Every structure is written in C-alpha cells, then in structure tokens.
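The residues making up each chain are set out below.
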Amino acid sequence: MSKPLVIITGASSGIGAATAKLFSEAGHPLLLLARRLPEMEALALPNALCRAVDVMDVDAFRAAIAEAEARFGKADCLVNNAGVMFCGDPVKQSADEWQRMLDVNLRGLLNGIQLVLEGMVARQSGTIVNIGSIAGVKTFPKHAVYCGTKFAVHAITETIRQEVSGSDVRLVTIAPGMVETDLVNHSTDAEARDGWWEYANRIGGALKPESIAQSILFAYQMPQSVCVREMVVCPTRQEP
Ligand code: NDP
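Attention here is on the structure that accompanies the text. (Residues numbered from 1 in each chain as written. Predicted model: local features only at pLDDT ≥ 70, side-chain atom pairs only at ≥ 80, totals over all residues. Heavy atoms only, no water.)

1. So, the overall build of the protein
For step 1, the next point in the chain: What the protein contains, in helices and strands, is seven helices and seven strands.
For step 2, the next point in the chain: Secondary structure elements of the protein, listed N to C terminal, follow the sequence β-α-β-α-β-α-β-α-β-α-β-α-α-β.
For step 3, the next point in the chain: For 240 residues, the compact-globule formula gives about 18 Å, and the C-alpha radius of gyration of the protein, at 17 Å, lands near that figure.
For step 4, the next point in the chain: Along the three orthogonal principal directions, the C-alpha set of the protein runs to about 50 × 40 × 35 Å. (Helix = DSSP H or I, 4+ residues; strand = E, 2+ residues; numbered from the N terminus. Rg over C-alpha atoms; globule rule 2.2 N^0.38 Å.)

And the structure:
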C-alpha cells in the first residue's frame, strides 16, 4: 500500500460513509467500523476492511484495528465520527437517552483515541480527527446533553492535542453545522425533530455530508507540521 491506513468510525451512514468514499478515492486503505455491517459492505470500496463494532466494545474495537494493521500497516489516521443525538426537553428526556449520548459521543471517542494514540506517539506521526459540532461551540435549546457531549469533545481534543504536540501527532476537531443525515431522525422528541428539518428547508437545505468529508480530508492532507486545530463548517444561511 502506498498510502497509510485510515480508520473511520460510524462509517455505515452520513458523514462517515461520505468520508470513507473520499479517503478511498484518495487511495487509502480503510478500516470501517459501525454496528451495521451490510451498509458498510454496500459501499464496496477497495482495500476496505469492514467490521461490525460498537465503539463501546473496546476489545472488539482493538481486535479490528489489529486485524486491519496486520493487513494494511499501521494506522496513520483515526476519524472518530460515530455519534448519536437525541434532542429533548430537560424535564422529560429519558436517562437512557442521556446515557447513550454520553456513551457513544464520549466514551466511544475516548476508546478510539486510547487505542491508537500510544502507537502514533511512538512513531512520532499520526492524526486523530474528532467530529465535534457547532453544538460544541454554542448551545441550542433542547440539546442540553448533546451540547454537553460535544463541548466535551472539543475540550478533550484540545487538551490531548497540547499533550502530544511535541510528538508531531495532530488532534483536529471538525465541527459541522446542520448536515443532511439520519442523525436527528433518531430523536424521540417529534417537535425538535420536525423543527430541525423545517429550519433546514427554510434555509435552502442542510450541508451534504460530502462537504464535511472534504473538510476532514483537507485537514488530514495538510503537511504533518501543520495542525488545523478546529474547523467549524456550516451552511452559509444557518443563522445560529
Ligand atoms: P448518522 O446517524 O448518519 O451517522 C452516525 C454513525 O454513527 C452511524 O454510522 C452509526 O452506525 C454510528 N454509530 C452510532 N452509535 C454507534 C456505536 N455505538 N458504535 C459504532 N458506531 C455507532 O449521523 P451523522 O453522519 O450526521 O453523524 C456523524 C457525526 O457527526 C456524529 O458524531 C454527529 O454528532 C456529528 N454531527 C452531525 C451533524 C448533523 O447535522 N448531521 C452536525 C454536527 C455534528 P451504526 O448505527 O451502524 O452503528
């Protein structure tokens, strides 16, 4: 392989799937992870190992990385993209929804960082791209816990970036605004869900996932001596 291995979590749909296609076009072998295997296999990308892994299952996560690295060489980039968003009224939202956001958006992301960071520091090279959000930069009503997880993603990324900067390892936060994916459709709060799509339609549509994929590839393809620390990428007509 002339290009190094790139790992993408949450590659079965939306931003992750678009990122998988773009990095594949750029010639990278890939490890694609999510719980839904058929969706990743349907992308039919060359040199792409697809594994059904819940990012909370650290042993399965580790085993998939070991399998991919045995086949394609050491991972040079991890795109920590897997995430969930459940909008909700703070009084009515279920503790289960809070927990799932904390689990996937934070613990799953931390699992990914911990599994690749030591090797990257030892090799004095590597890039971890964490997908934050505009909801990690400013707050939005009915997004209290989701905003909490994404503010934490920004804080975790920036802290670890400082800690490993001397090893030439980059940590990057890409913070999308509204992107046309299934993310909001999993919300049980119908008013928040419908309101998201109404606003997106009113401003002429949310971003296509491909625009975020391009932002991730741009940050990654900068020379290793250049760290794009944070990029906030929104529809031009998105007001908040
Ligand atoms: P999607 O719902 O399309 O994608 C989410 C991905 O995460 C899916 O591939 C899903 O795969 C995966 N995932 C969820 N839970 C787990 C888990 N436990 N283990 C492994 N994978 C999991 O939404 P997006 O593409 O929009 O979301 C991608 C990222 O972008 C998220 O972090 C989200 O917070 C962020 N984001 C999205 C915005 C938007 O407007 N769409 C705005 C700002 C940020 P599967 O279900 O197969 O496991």
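2. Points about the nonpolar core
For step 1, the next point in the chain: Core analysis: the largest hydrophobic core is formed by 46 residues, its most contacted members being I7, L31 and I128.
For step 2, the next point in the chain: With eight residues, the single largest contributor to this core is helix α4 (residues 95-123).
For step 3, the next point in the chain: Core analysis: the second largest hydrophobic core is formed by 31 residues, F23, M40, V179 and Y220 among them. (Core = buried A, V, L, I, M, F, W, Y, C linked by side-chain atoms within 4.5 Å. Buried < 20%, exposed > 50% of the residue type's maximum accessible area, 1.4 Å probe, protein only.)

3. Looking at the pattern of salt bridges
For step 1, the next point in the chain: Counting across every chain of the model gives seven salt bridges.
For step 2, the next point in the chain: Residue R51 pairs with E67 through a salt bridge whose shortest N-O separation is 2.7 Å. With R51 in strand β3 (residues 48-52) and E67 in helix α3 (residues 58-72), this residue pair connects regions lying 16 residues apart in the sequence.
For step 3, the next point in the chain: The salt bridge partner of K74 is E69, with a shortest N-O separation of 3.6 Å. (Salt bridge = Lys/Arg side-chain N within 4 Å of Asp/Glu carboxyl O.)

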